[in-house]
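# Coordinate inspection notes
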Amino acid sequence: DAGAEGKLKGEGEGERPGREIQQLMSRLNALSLPIRRTLGDFQRFKVTPQDHVNYAATWFTLAAATWAMAYARVRSTRWKKLL
């Protein structure tokens, strides 16, 4: 269907938005911004433990690579000064 291209999942014709979207829309209509969050909003944490492992591995790898490049730069600068 050409008309459905580019629409987000769940936004097809005749489909209603999900419950979370309905709640968000009602909050936007009822409250002034910023939206206040409840404790329950923070307890529904949608990042899995595996995602945390992946993020940690990524950042530790980036940190190690940065350290190695800085160390190589400092070491090469010292070597040139000694000659």
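A brief report on the enclosed structure follows. Each residue is numbered by its place in its chain's sequence as written, counting from 1. Reporting of local features is limited, given that this is a predicted model, to residues whose pLDDT is at least 70; pairs of side-chain atoms are given and counted only at 80 or more, and all residues count toward the totals for whole chains, interfaces and linings. Only heavy atoms go into the side-chain values, all of them from the structure, while hydrogens and water stay out.

A pair is scored as a salt bridge if a Lys or Arg side-chain nitrogen falls within 4 Å of a carboxyl oxygen belonging to Asp or Glu. Under the defined criterion, the tally for this structure stands at two salt bridges. The partner of glutamate 20 in a salt bridge is lysine 46, and the shortest N-O contact between them spans 2.9 Å. Taken together, the residues span a long stretch of sequence, with glutamate 20 in helix α1 (residues 19-30) and lysine 46 in the loop between α2 (39-43) and α3 (49-82) at a distance of 26 residues. Residue glutamate 20 is classed as exposed on the basis of its relative accessible area of 52%. Given the relative accessible area of 58%, lysine 46 is considered exposed. What counts as a helix is a DSSP run of H or I of at least four residues, what counts as a strand is a run of E of at least two, and both are numbered from the N terminus. Any residue under 20% of the maximum accessible area for its type is buried, any over 50% is exposed, and the rest in between are partly exposed; the area is computed with a 1.4 Å probe on protein chains only.

For Phe, Tyr and Trp, rings pair up if their centres lie within 6.5 Å, where Trp contributes its six-membered ring, and each pair is then called stacked (planes under 30 degrees apart), edge-to-face (over 60) or tilted (otherwise). In total, this model carries one aromatic pair according to the counting rule given. When the centroid spacing of 5.2 Å and the interplanar angle of 10° are considered together, the rings of tryptophan 67 and tyrosine 71 count as stacked. Placement of both tryptophan 67 and tyrosine 71 in helix α3 is noted, with a separation of four residues, approximately one turn of the helix. Looking at tyrosine 71, the relative accessible area reads 44%, which means it is partly exposed.

Note that every value here comes from positions in space, so none of it alone points to a role or purpose.
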